[in-house]
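Chain by chain, the residues:
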Amino acid sequence: MTLSNLAETDGSSLDGVSGRGRQLHFTTIDKGVDGEILDEQDYSSAISPQLRMAHNQLAEAGCRELFNQTRQAFRNNGTAFCDTNWDSASCWPPTLAGLQAVLPCPANYGYGEQIAQFDTSFNATRVCQDNGTWTNISDYDSCSGSLLTQTLMADNYPFTGHDLAMAAYYIGYTASVVSCCVALWLFLYFRTLHCLRNTLHCNLIISYILMDVMWMIMTCFVLVDSGGASKIGDNLYSGRLECRILVAFYVYFQLTNFFWMLVEGLYIILIIFRTHKLEMLCFWPFALIGWVVPLFIVLAWVLVKIVHDNEDCWFELNISTPYNFIFIGPILFVLMVNLIFLLTICLSVCL
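The shown structure was predicted, so the numbers you read here are calculated from the model rather than taken from an experiment.

A. Representation of the packing of aromatic side chains in the model. If you walk through the whole model with that rule in mind, you get 15 aromatic pairs. Ring plane angle 55° and centroid distance 5.1 Å describe the contact between Phe-74 and Phe-81, whose orientation is recorded as tilted. For the pair shown, Phe-74 and Phe-81 are each scored as buried. Between the aromatic rings of Tyr-189 and Phe-190, the centroid separation amounts to 5.1 Å while the plane-to-plane angle is 90°, which identifies the pairing as edge-to-face. Note on Tyr-189: relative accessible area 52%, which makes it exposed. For Phe-190, a relative accessible area of 38% corresponds to the partly exposed category. Taken together, the aromatic side chains of Tyr-169, Tyr-170, Tyr-173 and Trp-215 make up a single cluster linked through ring pairs.

B. The pairing of strand β7 (residues 100-104), seen in detail. Across the five residues that make up β7, a large majority, four, are buried. Direction of pairing for β7 relative to strand β10 (residues 123-127): antiparallel, over a ladder of five bridges. In the sheet register, Ala-101 faces β10, and the bridge partner there is Arg-126.

C. Summary view of the state of the cysteines. Scanning all chains against the criterion turns up two disulfides. Two residues share a disulfide in this structure: Cys-63 and Cys-91, whose sulfurs sit 2.0 Å from each other. In this structure, the disulfide formed by Cys-63 and Cys-91 twists by about 85° around the S-S bond and is classed as right-handed. Taken together, the positions of Cys-63 in helix α2 (residues 49-66) and Cys-91 in strand β5 (residues 91-92) put the pair 28 residues apart, joining distant regions of the chain. Residue classification places Cys-63 among the buried residues on the basis of a relative accessible area of 1%.

D. The pattern of salt bridges, seen in detail. Scanning the model with the defined rule gives three salt bridges in all. Ionic pairing is found between Lys-305 and Asp-309, a salt bridge with its closest N-O pair at 2.8 Å. The residues Lys-305 and Asp-309 share a single accessibility class, namely buried. Counted as one network, the salt bridges with shared partners bring together Arg-71, Arg-75 and Asp-83.

E. Representation of the nonpolar core. One finds Val-247, Val-251, Leu-255, Phe-286, Trp-301 and Phe-327 to be the most contacted residues of the largest nonpolar core, which totals 52 residues. Every element with two or more residues in this core is listed here: α6 (161-189), α7 (196-223), α8 (241-273), α9 (283-308) and α10 (325-350). Take this core: its biggest share by element is 17 residues, from α8. Ignoring any residue separated from it by four or fewer positions in sequence, one finds Phe-286 in contact with Leu-196, Leu-200, Trp-260, Val-263, Leu-266, Tyr-267 and Leu-270. Of all hydrophobic cores here, the second largest spans twelve residues; its members include Ala-89, Ala-124, Trp-134 and Cys-143.

F. Structural detail: a nonpolar patch on the surface. Side chains of Val-178, Val-182, Trp-185, Leu-186, Tyr-189 and Phe-190 sit close together on the surface and give an oily, nonpolar patch of about 600 Å² of accessible area. Tracing the sequence through the fold places Val-182 in helix α6. For Val-182, a relative accessible area of 47% translates into the label partly exposed.

G. The packing of α9 against α10, seen in detail. Remark: α9 packs on α10, axes separated minimally by 9 Å, with the N-to-C direction vectors making an angle of 155°. It follows from the interaxial angle that α9 and α10 lie roughly antiparallel. Residue-level contacts link Ile-297, Ala-300, Trp-301 and Val-304 of α9 to Ile-326, Phe-327 and Pro-330 of α10.

Conventions adopted
- Residues numbered from 1 in each chain as written.
- Predicted model: local features only at pLDDT ≥ 70, side-chain atom pairs only at ≥ 80, totals over all residues.
- Heavy atoms only, no water.
- Phe/Tyr/Trp six-rings, centres within 6.5 Å; stacked < 30°, edge-to-face > 60°.
- Buried < 20%, exposed > 50% of the residue type's maximum accessible area, 1.4 Å probe, protein only.
- Helix = DSSP H or I, 4+ residues; strand = E, 2+ residues; numbered from the N terminus.
- Pairing = 2+ DSSP bridges.
- Disulfide = S-S within 2.5 Å.
- Salt bridge = Lys/Arg side-chain N within 4 Å of Asp/Glu carboxyl O.
- Core = buried A, V, L, I, M, F, W, Y, C linked by side-chain atoms within 4.5 Å.
- Contact = heavy atoms within 4.5 Å.
- Patch = residues over 30% accessible without salt bridge, like charges linked within 9 Å, V, L, I, M, F, W, Y side chains within 5 Å.
- Areas by Shrake-Rupley, 256 points an atom, 1.4 Å probe, with all protein chains shown as cover.
- Axes fitted to C-alpha atoms, helices over the stretch in contact; angles between N-to-C directions.
- Parallel < 35°, antiparallel > 145°, perpendicular 65-115°, else oblique.

Structure (structure tokens):
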């Protein structure tokens, strides 16, 4: 692959402190399968993930080299500033801390069939924070909100199956949170409902609410969507501590949800077989099962992930990662025990 026609557009401020800073424009050419030269759009359709990664690495290196003198000048002056950064769409120039960098919107972004075109008369912005670090995500809202983009998206890029699935998830989780909040309020408001059985119900409802809310927070800040726009800005939170904390909390609340279901089944078994006098039952043993046991499981999972698989955002929560069996195993165990409880209850009722 060759990278050619690397150009820069100078604005009113070379250092990117205000007005329009510099922007990199890349035009890539390569040989197609039949040997003919591909234009930029055809190249984007044919590019492989490996070449795409190499393209971004070259772009990041070129971005840093472009502003090398400005960066060195800032360092020599002892000025707090945000270093040059390539966010896979634009080259953000060195910017003084506490100020905002402004660049024209990229002409296009994406690869293959996911290419979106933008109106370069609009601006993208990114804030350099007071501590000399960029905000995690660049602000391309004005780019995607332009009339050109809206028209292109409406005509050529309808909602994908992933978008519809995510919308259905959000609607479902929101409805679940609202319903659980109403149920929790009813249990807490009417004093006649205050008893150990309903206290267990309330804790199960709280675990549902926490799990649903954490899922929505996690997907907002970790996934966003499957399109190219979701990747703008330091690849989102991939590999950052905040991302891993969010995932760890989600796994914990997911575990508490299953363990509180175990508590509910255990309580029903105790009632049916009366292995204890009901008045002798207290809340704290159930609380240990529902809230504390999942905590130790998650801590064990986190420690193993830190030591053996401390990469990216830990968002791969399926069985493709063997270390995930540290929390998947207990979930399967809880489901099996609850199934045994259910069969036992059915047999006791029938007989």
